Amino acid sequence: MSHLSERPEQPVVGLPLPHESAHQHVTGTALYTDDLVQRTKDVLHAHPVQARTAHGRITALDTAPALAVPGVVRVLTGADVPGVNDAGMKHDEPLFPDEVMFHGHAVAWVLGESLEAARLGAEAVVVEVEELPSVITLEEAIAGDSFHGARPVMRTGDLDAGFADSAHVFSGEFQFSDQEHFYLETHAALARLDESGQVFVQSSTQHPSETQEIVAHVLGLSSHEVTVQCLRMGGGFGGKEMQPHGFAAVAALGARLTGRPVRLRLNRTQDLTMSGKRHGFHARWRIGFDAEGRIQALDATLTADGGWSLDLSEPVVARALCHIDNTYWIPNARVEGRIAKTNKVSNTAFRGFGGPQGMLVIEDIMGRCAPLLGLDPTELREWNFYRAGHCTPYGQQVTHPERIPAVWEQVKENGSLAERRCEIAAFNAAHPHTKRALALTGIKFGISFNLTAFNQGGALVLIYKDGSVLINHGGTEMGQGLHTKMLQVAATTLGIPLHKVRLAPTRTDKVPNTSATAASSGADLNGAAVKNACEQLRGRLLQVAATRLGANASDVRIVAGVARALGSAEELAWDDLVRTAYFQRVQLSAAGFYRTEGLHWDAKTFHGSPFKYFSYGAAAAEVEVDGFTGAYRIRRVDIVHDVGDSLSPMIDIGQVEGGFVQGAGWLTLEDMRWDAGDGPGRGRLLTQAASTYKLPSFSEMPEEFHVTLMENATEEGAVYGSKAVGEPPLMLAFSVREALREAAAAFGPAGASIELASPATPEAVYWAIEAARGQAAESAGTGILDADADADTDTDATGTEAEATHADATDGTGSTGAAAAALSGA
């Protein structure tokens, strides 16, 4: 076993511990960024001046009326920026724009003695805009050739030969929705200056180092003149990886110009209308299968809705391409990625970071094509699993492919799937207006940042004379339990009880140049860095203990806060050991560092090994659907998920549950709507609150929810043998969508191929049911077309290609018609 993976005697990692701040969370004593306002004197409040058009050129900006409002102190505009007027790493996001790029774009900020004064001042600002043509929907962007950023192409094998060898070829389109992060805490920042003019920013950010960098270049300062701290976040989900930087810069600019602390906190409507979402996608695809149902070729184009600026759209699309294979070997492929430029908020990172979008495309294809191939969807998926020796379309060897069928079979066993399917068949036969279905899907998700340079982490560990330990690391806590795991890693490495260790808030003046807490790599990078720092300290203390115990340092072990030499009964308590080390002038602080080895990636050829390892999982979901309304409930979910050797099982199970529910929300409930009409509200977000944007709640939770972590799954080369857990479980929710598809199909003839919109809202499910009923009516009225008719729409025995036009609909209504009926006997 590798040094990084090996666990010592009596480790604290692996124990099922509660979240380190759980007590503060439930008692209300946990402090978040905006709570600090009450502890800060003379705070000014910032309020945005939002434009009410989707696209236009600002011809006049009159701030004088705002300054006449009582309590207004200053109005910030582009003329006030001493440095670079840009809040993005691509330099395409003016902090104070001359051109309005989306409905709700902030063109100025008002500072007031109170939030109400700032709000009234913002209303008084006069903004004149010359309207310009706007692009709102993906369809408009594609039709108008409105794209920006890179257009990567992933290739493997011989595509033409793959299709020539295919016995069945199908093609189609699929468009699916974006998703709002809806974290509990909206974007917030509090900035102030110290006595020497240094800038200190409290920010709700997943990436303090980049917030520091943006604030510095907006103010025209060096990074060492700006400190950013993140106490904790009330949720992030990727929405606070890039987007907090501009808000922090506005607060810092206000503090710099007024000399007073400035607080910026968006209300919920502002947050919804100003911040980016998960990218909605459009996919056009063509796929070939051999006679047994194995994938031979895939040709696809994925178009992401990037919004008005690039933000992280390029790496999001790259990860979507890298995950379109999911758990399936595709020997011949060509997949192109594009980023549509639309006049909407700039879409950004969201849990899974493009991976869910790519994986959803292939899972939708499998669900639609299985009936056309005469196969059960579970069987089709099993046929195409990765096997030993297989490589991904971008050239990376798939490690531990045996875990794909392992978690799959364990879900079957744990959930008694065979018996329950028999029960479901009996139920459906007896209930013409209510149907049940059970679907099983798997995941393979790559762990690491796409950009190799981001795969590094740092830590600073301090041991005090009394034996207490303080750790600092570069990761941020957003409720996911990262800090809990870091405490466990430190206690395990030093060999001391957990209560001896405390964790300090994340600050850029303690650990510099950190990467975002994202890509599910927080525990991997920061845990290895904490372990490295603690190993340096333990090495020094072992030398001290060896002298006291009269033994070689290599024979000394520190376990549960006591140092002992092998074969000796003499002991040295941790506190005494630390005190001895201090009097011997042994350094009791250490900076740790970790870089992920073995990664290489060529973005131009789209080839390499960008991921340290793959996480695997499988989920079975059973649903019940009402044939009159399309309403449904999730009766039961069984999950087996691979987290390696868990650092903290209670935390990891919570992450699996939470990720699954958030994924189910994206796929079935969360329906973002934008005004795409030609009226004055064009480009406006219509779902601006929880009253119009449906979030998963207790009523959407599975009635039975069983989560099991895969056992005996040590990951070599990862901290204490663990694996990432943040993002992969979200995609386990594909099982819910596929179960809804199968339940809708049960209202039609056997072997019906059903299209299902995403999100699969009750309305969408109802239309899928109607399409299935339509197929049943056609079958009853005209009979299934014979084999001669089939030959006109599918592929003959020689492999001659023909298009399966049943899958060409893009509206997701499920109106497959006679073509699907003909192909059902393919």
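Small disclaimer: the values here were computed from a predicted structure and weren't measured. (Residues numbered from 1 in each chain as written. Predicted model: local features only at pLDDT ≥ 70, side-chain atom pairs only at ≥ 80, totals over all residues. Heavy atoms only, no water.)

**Some points on the overall build of the protein chain**
Across its full length, the protein chain carries 21 helices and 29 strands. Here the C-alpha atoms of the protein chain give a radius of gyration of 28 Å, agreeing with the 28 Å that 2.2 N^0.38 yields for 826 residues. Projecting the C-alpha coordinates of the protein chain onto the three principal axes gives extents of approximately 90 × 80 × 50 Å. Counting all 826 residues of the protein chain, 61% fall into the buried class. Within the protein chain, residue pairs in contact and separated by at least 24 positions form 81% of the contacts whose partners lie at least 6 positions apart. Of the roughly 29,500 Å² that the protein chain leaves accessible, carbon and sulfur atoms contribute 52%. The average position of the 67 basic charges and that of the 101 acidic charges among the side chains of the protein chain differ by 8 Å. (Helix = DSSP H or I, 4+ residues; strand = E, 2+ residues; numbered from the N terminus. Rg over C-alpha atoms; globule rule 2.2 N^0.38 Å. Buried < 20%, exposed > 50% of the residue type's maximum accessible area, 1.4 Å probe, protein only. Contact = heavy atoms within 4.5 Å. Areas by Shrake-Rupley, 256 points an atom, 1.4 Å probe, with all protein chains shown as cover. Lys, Arg positive; Asp, Glu negative; His and termini not counted. Charge placed at Lys NZ, Arg CZ, Asp CG, Glu CD.)

**So, the sheet that holds strand 29 (residues 704-709)**
As summarised here, the arrangement of the four strands in space is 16-27-28-29, forming an open sheet in which the pairing is mixed. Strand pairing shows two members of the sheet lacking a second neighbour, strand 16 (434-447) and strand 29, which therefore form its edges. Recorded for the sheet is a direction-independent mean angle of 15° between the axes of neighbouring strands. By the bridge criterion, nine bridges tie strand 27 (residues 613-626) to strand 28 (residues 632-641) in an arrangement that is antiparallel. Across the sheet, residue Ala621 finds its bridge partner in strand 28, namely Val637. Against the sheet, helix 13 (residues 417-430) contacts strand 16, strand 27 and strand 28, and its axis sits at roughly 145° relative to strand 16. (Pairing = 2+ DSSP bridges. Axes fitted to C-alpha atoms, helices over the stretch in contact; angles between N-to-C directions.)

**Notes on the packing of helix 15 (residues 522-549) against helix 16 (residues 574-583)**
Where helix 15 meets helix 16, the axes come as close as 10 Å, and the angle between the chain directions of the two elements is 100°. It follows that helix 15 is roughly perpendicular to helix 16 by the angle criterion. Here Leu541, Val544, Ala545 and Arg548 of helix 15 come into contact with helix 16, specifically with Trp574, Leu577, Val578, Thr580 and Ala581. For the contact of helix 15 with helix 16, a count of residues per class yields seven nonpolar, one polar and one charged. (Parallel < 35°, antiparallel > 145°, perpendicular 65-115°, else oblique. Nonpolar A, V, L, I, M, F, W, Y, C, P; charged D, E, K, R; others polar.)

**A look at the side chain of Ser448**
For Ser448, the position within the fold is in the loop between strand 16 and strand 17 (456-463). For Ser448, the side chain forms a polar contact with the main-chain nitrogen of Lys612, separated by 3.1 Å. Among residues more than four places away in sequence, those in contact with Ser448 are Arg319, Asn455, Ala519, Thr596, Leu599, Pro610, Phe611 and Lys612. (Polar contact = N/O pair within 3.5 Å; in protein donor to acceptor, adjacent residues only side chain to side chain.)

**Quick word on the pairing of strand 10 (residues 199-203)**
Most of strand 10 sits inside the fold, with five of its five residues counted as buried. The side-chain alternation of strand 10 yields two buried faces, one formed by Val199, Val201 and Ser203 and the other by Phe200 and Gln202. Bridge analysis of strand 9 (residues 188-193) against strand 10 gives five bridges, and the strand direction is antiparallel. By the bridge assignment, Ala191 is partnered in strand 10 with Val201. Following strand 9, the chain reverses through five residues before pairing antiparallel with strand 10; Gly197 in that reversal takes a positive phi of roughly 85°. Examined bridge by bridge, strand 10 and strand 11 (residues 226-230) share four bridges and lie parallel to one another. In the sheet register, Val199 faces strand 11, and the bridge partner there is Val226.

**Re the confidence of the model for the protein chain**
Per-residue pLDDT for the protein chain has a mean of 94; in total, 95% of the residues score no lower than 70. This model gives residues 783-826 a pLDDT under 50, and the stretch forms 96 contacts once residues within four places in sequence are excluded. (pLDDT = per-residue confidence, 0-100.)

**A short note on the packing of aromatic side chains**
Any pair of aromatic rings gets described here by the distance separating the centres and the angle formed by the planes. Following the criterion strictly, the structure yields 17 aromatic pairs and no others. Both rings, one in Trp109 and one in Phe247, keep their centres 6.3 Å apart while their planes meet at 75°; by these two values the pair is edge-to-face. In this pair, Trp109 is assigned in strand 5 (residues 106-112) and Phe247 in helix 7 (residues 244-258), connecting sequence segments 138 residues apart. Pair check on accessibility: Trp109 and Phe247 agree, each one buried. (Phe/Tyr/Trp six-rings, centres within 6.5 Å; stacked < 30°, edge-to-face > 60°.)

**Some thoughts on helix 13**
Taking 1.5 Å as the rise per residue, helix 13 with 14 residues should run 20 Å; its terminal C-alpha atoms sit 20 Å apart, in good agreement. All of the buried residues along helix 13 are Leu417, Arg420, Ile424, Phe427 and Asn428. The buried residues of helix 13 occupy an angular sector of 95° when projected down its axis, which confines them to one face. Residues of helix 13 that are exposed and point over 90 degrees away from its buried face: Ala418, Cys422, Glu423, Ala429 and Ala430. Turning to helix 13, the residues buried within the fold contact helix 12 (403-414), strand 16, strand 27 and strand 28. (Expected span 1.5 Å × (residues − 1). Arc of directions from axis to C-beta.)

**Regarding the sheet that holds strand 10**
Reading across the sheet, the eight strands line up as 3-5-1-12-9-10-11-20 and stay open at both edges, with mixed pairing between neighbours. Unpaired on one side and paired on the other, strand 3 (72-76) and strand 20 (506-507) mark the two borders of the sheet. Lying on the sheet, helix 3 (residues 115-124) is in contact with strand 1 (44-50), strand 3, strand 5 and strand 12 (262-265); it crosses strand 1 at an angle near 25°. On the sheet, helix 6 (residues 208-219) packs against strand 10, strand 11 and strand 20 and is oriented at approximately 145° with respect to strand 11.

**A closer look at the side chain of Ser177**
You can see Ser177 is positioned in the loop between strand 8 (168-176) and strand 9. Within the structure, the side chain of Ser177 is placed 3.1 Å from the side chain of Asp178, a separation counted as a polar contact. The contacts of Ser177, once residues within four sequence positions are left out, are His279, Gly280, Trp666, Glu670, Met672, Ser758 and Pro759.

**Digging into the pattern of salt bridges**
Pairing of side chains with opposite charge becomes possible as their charged atoms draw close. Across all of its chains, the model carries 51 salt bridges by this definition. Through salt bridges with shared partners, one network takes in Glu363, Asp364, Arg368, Arg381, Arg737, Glu738, Arg741 and Glu755. (Salt bridge = Lys/Arg side-chain N within 4 Å of Asp/Glu carboxyl O.)

**Regarding the environment of Leu380**
Among the secondary structure elements, Leu380 is positioned in helix 11 (residues 377-383). In this structure the C-alpha to C-alpha distance between Leu380 and Gln584, which are 204 residues apart in sequence, comes to 67 Å.

**A short note on the pairing of strand 17**
Among the eight residues in strand 17, seven count as buried, and that is most of the element. Pairing of strand 17 with strand 24 (residues 589-595) involves seven bridges; the strand directions are antiparallel. From the neighbouring strand, Val461 faces strand 24, where its bridge partner is Ala590. As judged from the five bridges shared by strand 17 and strand 18 (residues 469-473), these two strands associate in the antiparallel manner. For Leu460, the partnering residue across the bridge sits in strand 18 and is Asn472. Hairpin geometry of strand 17 and strand 18 is characterised by an intervening segment of five residues between the two adjacent antiparallel strands and by a positive phi of about 95° at Gly467.

**Observations concerning the packing of helix 14 (residues 482-494) against helix 15**
One way to put it is that helix 14 packs onto helix 15 with a least axis distance of 9 Å and a crossing angle of 25°. In terms of orientation, helix 14 lies roughly parallel with respect to helix 15. Handedness of the crossing formed by helix 14 with helix 15: right-handed. In this structure, helix 14 contributes Leu482, Lys485, Met486, Val489, Ala490, Thr493 and Leu494 to the contact, and helix 15 contributes Gly522, Ala523, Asn526, Gly527, Val530, Lys531, Cys534, Glu535, Leu537 and Arg538. For the contact of helix 14 with helix 15, the class distribution of residues is nine nonpolar, four polar and four charged. (Left-handed = near helix turned anticlockwise from the far one by under 90°.)

**Side note on helix 6**
Under the 1.5 Å per step criterion, the end-to-end length of helix 6 is 16 Å for 12 residues, consistent within 8% with the ideal 16 Å. Counted residue by residue, helix 6 has 11 buried out of 12 residues, so it is predominantly covered. Of the positions making up helix 6, those classed as buried are Pro208, Ser209, Glu210, Thr211, Gln212, Ile214, Val215, Ala216, His217, Val218 and Leu219. Looking at the buried side of helix 6, the elements it contacts are strand 10, strand 11, helix 7 and strand 20. Within two residues after helix 6, Gly220 carries a phi angle of roughly 70°, on the positive side.

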